Amino acid sequence: MHSKHRSVPVSAKPVRKGLHPRNLHNQGYDFPALLKSTPALAPHVKPNAHGDLSIDFADPLAVKTLNAALLNRYYNIVDWDIPEGALCPPIPGRADYIHYMADLLELEPGLKQPGIKLLDIGTGANGIYPILACQIYGWQCVGSDINLQSLENVATIIANNPTLKDRFELRTQPDKNHMFEGIIQAGEFFDVSVCNPPFHASPDEAIKGSRLKLSNLARSRGEQKEKTKSPTLNFGGLEAELWCKGGEQLFLKKLIRESQAYSTQCRWFTSLVSKADNVKPAKKLIRKVGAVDIREIEMKQGNKITRVLAWTYI
């Protein structure tokens with residue numbers, strides 16, 4: 001006889017605060033398993049101040065190798081790599097965005113949905129959103145970028161991974177003043193567009209942001225102060241990935257205004273908003289351009305909260 005109540009297995013590790021329930025990284029990083037599948041990670045893994053296995057998140061090579069290991073173990077992606085200085089995205093947080101987009105599209109959880117089309121504005125050298133969307137949900141994806149070096153790098157990743165070949169297409173944005181124009185073709189329809197805007201307004205601001213991130217990391221590891229000689233952008237970020245004139249606020253303005261012209265060619269337009277102060281003005285503008293529905297999706301990873309703004313004209 002079956003009991004109505006299923007017994008819930010007791011997990012040794014606490015679930016990380018707030019990642020999406022379907023996120024494979026809810027239990028933190030399983031370093032023994034990652035080391036088994038990616039031996040190159042071994043030199044970077046050592047116990048932290050709390051005695052748990054970890055890496056030095058201020059070391060760009062360690063972060064990059066961890067990413068490659070996560071993509072290999074959980075998403076069957078081989079030979080993921082980025083050029084020196086390119087933005088190195090935290091995989092759990094990027095996977096969260098994709099899971100929330102599946103919820104936004106009201107898809108059946110866990111099913112492959114090859115009919116869904118995603119557009120990634122500014123896919124960067126890492127191509128992370130389309131890679132995850134292809135591997136988790138089987139979506140068709142287009143990644144656009146203005147930087148040819150970035151696109152060439154993603155093309156190499158696609159070439160090394162046959163499952164991406166028929167699902168992930170790259171397009172060059174020829175004009176830095178446009179997001180959708182020159183990318184969305186006549187008669188083409190996307191279910192969702194995603195975007196991770198450059199969040200700083202200048203290179204100086206990007207360096208300050210990197211310094212702050214590093215000192216926060218040092219504090220969380222129980223060190224007094226980060227011992228860096230020069231403020232390298234340890235999380236990487238080619239120029240267009242980290243900063244643009246007017247910063248995140250102006251970028252969002254352009255994105256929202258231009259979405260209006262493509263209102264019938266994309267069901268949901270979305271963007272990450274890293275600065276809380278930018279949410280209100282963005283929502284105001286979305287209403288002004290005539291969207292019929294606006295959603296603010298809060299994503300939590302540890303103590304960090306990021307938001308995704310989503311709007312539709314349909």
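Predicted, not measured: the structure shown is a model, and the values here were computed from it. (Residues numbered from 1 in each chain as written. Predicted model: local features only at pLDDT ≥ 70, side-chain atom pairs only at ≥ 80, totals over all residues. Heavy atoms only, no water.)

### Side note on the packing of helix α3 (residues 91–104) against helix α4 (residues 128–137)
For step 1, the next point in the chain: The geometry of α3 relative to α4 is characterised by a closest axis approach of 10 Å and an angle of 60 degrees between their N-to-C directions. Our classification of the angle between α3 and α4 gives oblique. Two packed elements cross with a definite hand, and for α3 against α4 that hand is right-handed. Residue-level contacts link Ile91, Arg94, Ala95, Tyr97, Ile98, His99 and Ala102 of α3 to Ile128, Tyr129, Leu132, Ala133, Ile136 and Tyr137 of α4. (Axes fitted to C-alpha atoms, helices over the stretch in contact; angles between N-to-C directions. Helix = DSSP H or I, 4+ residues; strand = E, 2+ residues; numbered from the N terminus. Parallel < 35°, antiparallel > 145°, perpendicular 65-115°, else oblique. Left-handed = near helix turned anticlockwise from the far one by under 90°. Contact = heavy atoms within 4.5 Å.)

### Description of the nonpolar core
For step 1, the next point in the chain: Counting residues in hydrophobic clusters, the biggest one holds 54 residues, and the most contacted among them are Leu71, Met101 and Trp139.
For step 2, the next point in the chain: Sequence-distant contacts of Trp139, that is, excluding residues within four places in its chain, are made with Ile98, Met101, Ala102, Leu105, Leu107, Gln113, Ile116, Leu118, Ala133, Cys134, Arg167 and Val192.
For step 3, the next point in the chain: Listed in part, the 26 residues of the second largest apolar core include Phe251, Leu252, Ile256 and Tyr262. (Core = buried A, V, L, I, M, F, W, Y, C linked by side-chain atoms within 4.5 Å. Buried < 20%, exposed > 50% of the residue type's maximum accessible area, 1.4 Å probe, protein only.)

### Here we look at helix α5 (residues 148–160)
For step 1, the next point in the chain: Taking 1.5 Å per residue as the helical rise, α5 with its 13 residues ought to reach 18 Å, and the 19 Å between its terminal C-alpha atoms agrees with that figure.
For step 2, the next point in the chain: Residues of α5 that are buried: Ser150, Leu151, Asn153, Val154, Ile157 and Ile158. For α5, the buried positions fall inside an angular range of 160 degrees around the axis, keeping them on one side. Facing away from the buried side of α5 by over 90 degrees, the exposed positions are Leu148 and Glu152.
For step 3, the next point in the chain: Buried residues belonging to α5 abut α4, β4 (140–145), α6 (162–165) and β5 (168–172).
For step 4, the next point in the chain: Regarding α5, its N-cap is Asn147, as a side-chain oxygen of that residue lies 2.8 Å from the backbone nitrogen of Gln149 further along. (Expected span 1.5 Å × (residues − 1). Arc of directions from axis to C-beta. Polar contact = N/O pair within 3.5 Å; in protein donor to acceptor, adjacent residues only side chain to side chain.)

### Observations regarding helix α9 (residues 247–261)
For step 1, the next point in the chain: Its 15 residues give α9 an end-to-end C-alpha distance of 23 Å, which sits within 8% of 21 Å, the value for a rise of 1.5 Å per residue.
For step 2, the next point in the chain: For α9, the complete set of buried residues consists of Gly247, Glu248, Phe251, Leu252, Leu255, Ile256, Glu258 and Ser259.
For step 3, the next point in the chain: In this fold, the buried residues of α9 make contact with β3 (117–121), β6 (190–195), β7 (266–273), α10 (279–288) and β9 (304–312).

### Examining the sheet that holds strand β8 (residues 293–301)
In a beta sheet, neighbouring strands are held together by backbone hydrogen bonds and run either parallel or antiparallel to one another.
For step 1, the next point in the chain: Pairing in this open sheet of seven strands is mixed, and the strands run β5-β4-β3-β6-β7-β9-β8 from one edge to the other. Of all strands in the sheet, those with a lone pairing partner are β5 and β8, marking the two edges. Adjacent strand axes in the sheet meet at a mean angle of 20 degrees when their direction is disregarded.
For step 2, the next point in the chain: Pairing of β3 with β4 involves five bridges; the strand directions are parallel. In the sheet register, Leu119 faces β4, and the bridge partner there is Val142.
For step 3, the next point in the chain: Packing against the sheet, α3 makes contact with β3, β6, β7, β8 and β9, and its axis sits at approximately 145 degrees to β8. (Pairing = 2+ DSSP bridges.)

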